[in-house]
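Remarks on the overall topology
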Amino acid sequence: MSQYDLKNIENLGNRHLLKRCVAYFWPYRWRILVAFLSAIVVSGTTGATAYLVKPAMDDIFVKGDKDALILIPLAYFCVITLKNIARFTQTYIMNVTGFKVLHQLRSELFSKLMTLSIRFFEESRVGMLMSRVLGDVNGIRQSVPAMIMVIREFFTCIGLIGVVIYQDWKMAIIALLVLPMLCYPVILFGKRLRKIGRKLQVQAADINSVAEECLSNIRLIKAFHAERDEIKSFSKESSGILRLSKKQVLASELSSRIMEMVGGVAVSFVLWYGGSRVLSGESTPGTFFSFVAALIMLYEPIKKINDANKTIQRSLASGERVFGLLDSETILPEEGGDTPFETPLKSLEIENISFSYPTGSEPAIKELTLHVRGGERVAIVGPSGSGKTTLVNLLPRFYDADEGTIHINGVNVEDFDLGSLRRNIGMVSQDAMLFNTTIRANIAYGQDDITDEQVQAAAKAAYAHEFIEGLPAGYDTVCGVRGVKLSGGQKQRLTIARALLKNPALLILDEATSALDTQAERIVQKALDNLMESRTSIVIAHRLSTVLNADKIVVMSKGEVVATGRHEELIESCSLYQTLHRLQFQTEFTEEEARDMEHEG
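Residues numbered from 1 in each chain as written. Predicted model: local features only at pLDDT ≥ 70, side-chain atom pairs only at ≥ 80, totals over all residues. Heavy atoms only, no water.

1. Here we look at a positive patch on the surface
In plain terms, the rule: Think of a patch as exposed residues, more than 30% relative accessible area, with no salt bridge, where like charges cluster within 9 Å and nonpolar side chains (Val, Leu, Ile, Met, Phe, Trp, Tyr) cluster within 5 Å. The Shrake-Rupley method, run with a 1.4 Å probe, gives the accessible areas here. Residue values count only the displayed protein chains as cover. We count a salt bridge whenever a side-chain nitrogen from Lys or Arg sits within 4 Å of a carboxyl oxygen from Asp or Glu. His is not counted, nor are the chain ends; Lys and Arg add positive charge and Asp and Glu add negative charge. By convention, the charge on Lys lies at NZ, on Arg at CZ, on Asp at CG and on Glu at CD. Helix and strand assignments come from DSSP, with helices taken as H or I runs of at least 4 residues and strands as E runs of at least 2, each series counted from the N terminus. When a residue's accessible area, from a 1.4 Å probe over protein chains only, is under 20% of the maximum for its type it is buried; when over 50% it is exposed; and in between it is partly exposed.
Side chains of Arg192, Lys195, Lys199, Arg243 and Lys247 sit close together on the surface and give a patch of like positive charge. When contributions to the positive patch are tallied by element, the ones reaching two or more residues are helix H9 (179–216) and helix H11 (227–279). When residues of the positive patch are assigned to their parent elements, the largest contribution, 3 residues, is made by H9. Owing to a relative accessible area of 43%, Arg243 belongs among the partly exposed residues under this scheme.

Right under this line is the structure:
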């Protein structure tokens, strides 16, 4: 099992989960105390409402007491007013507190996700992570309010039981014999509901992942006319939710209906037995109706306890998934050292490094050594799968080498403060990553106190200013999700402007022009030349024409460096480079050459 497998970090005990939930509400304990006292008031007023039935019947309707006709309705109005004030206070405080906890939990969970390694995100589905941040966290918000609800309804039961016993203790004993039977559905179906709730949340995360992947890759789906296949895939996940939802409704409704039937038996018996006592003169109508009112009202809080228990079980299921991630001993934030990165970059020394992906059968990098001097422009070429991108991803520590070391200015990259290291490494890849915000914000991304003049200067150096000015809102134009409103060349020039503004000590270009047409490539290449000027650069090139003037060309194959030199040297001495060059600059090549290239990759 992968250390990042999110489906197997649950199974936390109830006590631990409740303790973790309560810990988030603890800073608001005084508010919760007010809500708790308000809940006690609500409980007391419910019992008082049932009690007032007796004097209303006996004093007003039987005895015809005119004073009681004024006092009892006034007392009832005061009780109801007090109950509503207390209930409003309890509900408002607990909901606001719950939203504060929700905000804190979401922030903590998102913060932890932002500190995890690239490898974690490669092994996790985005939809599942979104489900935890948005859905599961919301479930925890309801935990303590539901507990307060249980406490409130418990005291309501105590108050109503007191009224029942006070009115007629003999009949109360008979009626209350069924109470233990009412607890059985709560316990039995509570466990069942939690189990179903856990499965539902996993299924919801899966369907979120399917939907997110489909909507993000809609162009690909339509290009392959695969809509029907994706609809089937989504329908399969949705069917799983439907199946579990039916089980959840069945368990929930069975729990409620069994409780009502048991309560109905008790009320039916009381109606027969109590009615007999009133007819025989052993009890008054007021006593009887007050007793029945209290008994009927007694089953309502028991049902609410059952409903609150369902909410608590759902909250615990959510807590398993959220706290399983927050408290995991294997899913840990990235760690860096304390050494700040000091410019300028004088040397980059890669010594005998090896690296393997968890799913790879062969190492992606094998005992590779490479030295780069400050200010040098180094090009890396090789067939697809030769380890070029993997190599440059080791420099900002997106991954850590399994063996060997990487030193910058004589300092091991693992000793650098991560923020300091990455702020001084600029990366421009073929996939231009933009946010759904303004062009100005995209260029200035990740940097503080940037002026409009600096943004425009970077855009001009990246040959982007002219097209930006031609847009309806200029630099305030919103790029759209992943820059969908811009062309490939325009997006790439914005990422170059962003890198220029960052002014990194080390620049990495990962096939930055490979996805562009010839005209766009020429413009972008000019921008790249401005970006690389007087800067240490490592260029991964798909087209050899872009690296012919590099100070050093590194030829890679199967994770190893097979040759190093300038273009003139390699074209004479390296057979792989010769093949790469021939494939770039001649229109036809043999099947044997194609097979050789595949073998080299």
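Now that the structure has been shown, the text picks up again.
2. Some thoughts on the sheet that holds strand S3 (residues 377–381)
Note the following rule: For two strands to be treated as a pair, DSSP must find at least two bridges joining them. Each axis is a line fitted through C-alpha atoms, and for a helix only the stretch in contact is used; angles between axes span 0 to 180 degrees, taken between their N-to-C directions.
Taken in spatial order, the 6 strands of this open sheet run S6-S7-S8-S3-S9-S10, and their pairing is mixed. If you trace the sheet from one side to the other, it starts and ends with strand S6 (425–429) and strand S10 (560–565), each paired once. Direction aside, the axes of adjacent strands within the sheet are offset by 20° on average. Summarising the sheet, S3 and strand S8 (residues 536–540) pair through 4 bridges and their orientation is parallel. Looking at the pairing, Ile380 lines up with Ile540 of S8.

3. What to know about the pairing of strand S7 (residues 506–510)
Counting buried positions along S7 yields 5 of 5 residues, so the element is predominantly enclosed. Neither face of S7 is left uncovered, since the one carrying Leu506, Ile508 and Asp510 and the one carrying Leu507 and Leu509 both have all their residues buried. Taken together, the 5 bridges between S6 and S7 define a ladder with parallel strand orientation. Following the sheet pairing, Val428 is matched in S7 by Leu509. Where S7 lies against S8, 5 bridges are found, and the strand directions are parallel. Counted as the bridge partner of Ile508 is Ile538 from S8.

4. Notes on the packing of helix H4 (residues 66–115) against helix H7 (residues 143–167)
Test applied: Oblique is the label for any angle not under 35 degrees, not over 145, and not in the 65 to 115 range, which are roughly parallel, roughly antiparallel and roughly perpendicular in turn. We call a crossing left-handed when the near helix sits turned anticlockwise from the far one by less than a right angle, and right-handed when that turn is clockwise. By definition in these notes, contact holds between two residues if any of their heavy atoms fall within 4.5 Å. Residues were grouped as follows: Ala, Val, Leu, Ile, Met, Phe, Trp, Tyr, Cys and Pro as nonpolar; Asp, Glu, Lys and Arg as charged; and all remaining residues, including Gly, as polar.
Look at H4 against H7: their axes get within 10 Å of each other, and the N-to-C directions meet at 155°. On the basis of the axis angle, H4 is roughly antiparallel to H7. Judged by the sense of rotation from one axis to the other, the crossing of H4 with H7 is right-handed. Contacts between H4 and H7 involve Arg87, Gln90 and Met94 on the former and, on the latter, Val144, Pro145, Ile148 and Arg152. Its residues assigned to classes, the contact of H4 with H7 shows 4 nonpolar, 1 polar and 2 charged.

5. Description of the packing of aromatic side chains
Let me state the cut-off plainly: Whether two aromatic rings pair depends on their centres lying within 6.5 Å, for rings of Phe, Tyr and Trp, where Trp uses its six-membered ring; planes under 30 degrees apart make the pair stacked, over 60 edge-to-face, and the rest tilted.
Evaluation of the coordinates by the stated rule reveals 9 aromatic pairs. Each ring, one from Tyr357 and one from Tyr399, has its centre 5.6 Å from the other, and the planes form 85°; the classification is edge-to-face. With Tyr357 in the loop between strand S1 (347–355) and strand S2 (365–373) and Tyr399 in the loop between helix H13 (388–394) and strand S4 (403–408), the pair connects residues that are 42 residues apart, well separated along the chain. The buried category is assigned to Tyr399, whose relative accessible area is 5%. An aromatic cluster is present here, built from Phe36, Phe154 and Phe155 joined pairwise through their rings.

6. Some details on the nonpolar core
One broad rule of soluble globular proteins: the nonpolar side chains tend to lie buried together. Just so we agree on the cut-off: Nine residue types can take part in a nonpolar core, namely buried Ala, Val, Leu, Ile, Met, Phe, Trp, Tyr and Cys, and a core is a set of them joined through side-chain atoms within 4.5 Å.
In this structure, Ile443, Ile468, Leu494, Ile496 and Leu531 are the most contacted members of the largest nonpolar core, which totals 43 residues. With 6 residues, the top contributor of residues to this core is helix H18 (residues 488–502). Residues Leu109, Phe120, Val133 and Leu326 belong to the second largest nonpolar core, which totals 32 residues.

7. Things to note about the sheet that holds strand S5 (residues 411–412)
Strand order in the open sheet formed by 4 strands is S2-S1-S4-S5, with antiparallel pairing between adjacent strands. Here the strands that pair on one side only, and so sit at the sheet edges, are S2 and S5. Examined bridge by bridge, S1 and S2 share 6 bridges and lie antiparallel to one another. Paired with Ile353 across the two strands is Leu368, which belongs to S2.

8. Points about helix H12 (residues 285–326)
So the rule is basically this: Here, expected helix span is obtained from the residue count minus one, scaled by 1.5 Å.
The end-to-end C-alpha distance of H12, which contains 42 residues, comes to 60 Å, matching closely the 62 Å that a straight helix rising 1.5 Å per residue would cover. Burial of H12 is extensive: 33 of the 42 residues sit out of reach of the surface.

9. Focus on helix H16 (residues 452–461)
Note the cut-off: The arc under discussion is defined with respect to the helix axis, by the directions toward the C-beta atoms.
Taken together, the buried positions of H16 are Val455, Ala458 and Ala459. One face of H16 carries all of its buried residues, which in axial projection span an arc of 100°. If you follow the buried residues of H16, they end up packed against helix H15 (439–443), helix H17 (465–469) and H18. Immediately downstream of H16, the backbone of Tyr463 shows phi near 55°, a positive value.

10. So, empty space enclosed by the protein
Which entries qualify depends on this criterion: The method works on a 1 Å grid over the protein atoms by themselves. A cavity is a set of points holding a 1.4 Å probe that cannot get out, a pocket is an open set with protein on both sides within 12 Å along at least five of seven lines, and residues with an atom within 4 Å of a point line them. Grid points are joined across faces, edges and corners, and a volume is the space filled by probe spheres set on the points.
All chains considered together, the criterion is met by 2 cavities of 30 Å³ or more. Taken together, Arg192, Lys195, Ile196, Lys199, Leu244 and Lys247 make up the full set of residues lining the second largest cavity. Breaking the lining of the second largest cavity down by element, the ones donating at least two residues are H9 and H11. Sort the elements by how many residues they give to the lining of the second largest cavity and H9 lands first, with 4 residues. Class assignment of the residues belonging to the lining of the second largest cavity gives a composition of 2 nonpolar, no polar and 4 charged.

11. A short note on the pattern of salt bridges
Tallied over the entire structure, the rule returns 7 salt bridges. As a salt-bridge pair, Glu334 and Arg422 come within 2.9 Å of each other at their nearest N and O atoms. Placement of the pair is Glu334 in the loop between H12 and S1 and Arg422 in helix H14 (residues 418–423), with a sequence separation of 88 residues. The class for Arg422 is partly exposed, based on a relative accessible area of 22%.

12. A word on a negative patch on the surface
Residues Asp338, Glu414, Asp415 and Asp417 make up a contiguous surface patch of negative charge. When you line up the elements, Glu414 lands in the loop between S5 and H14.

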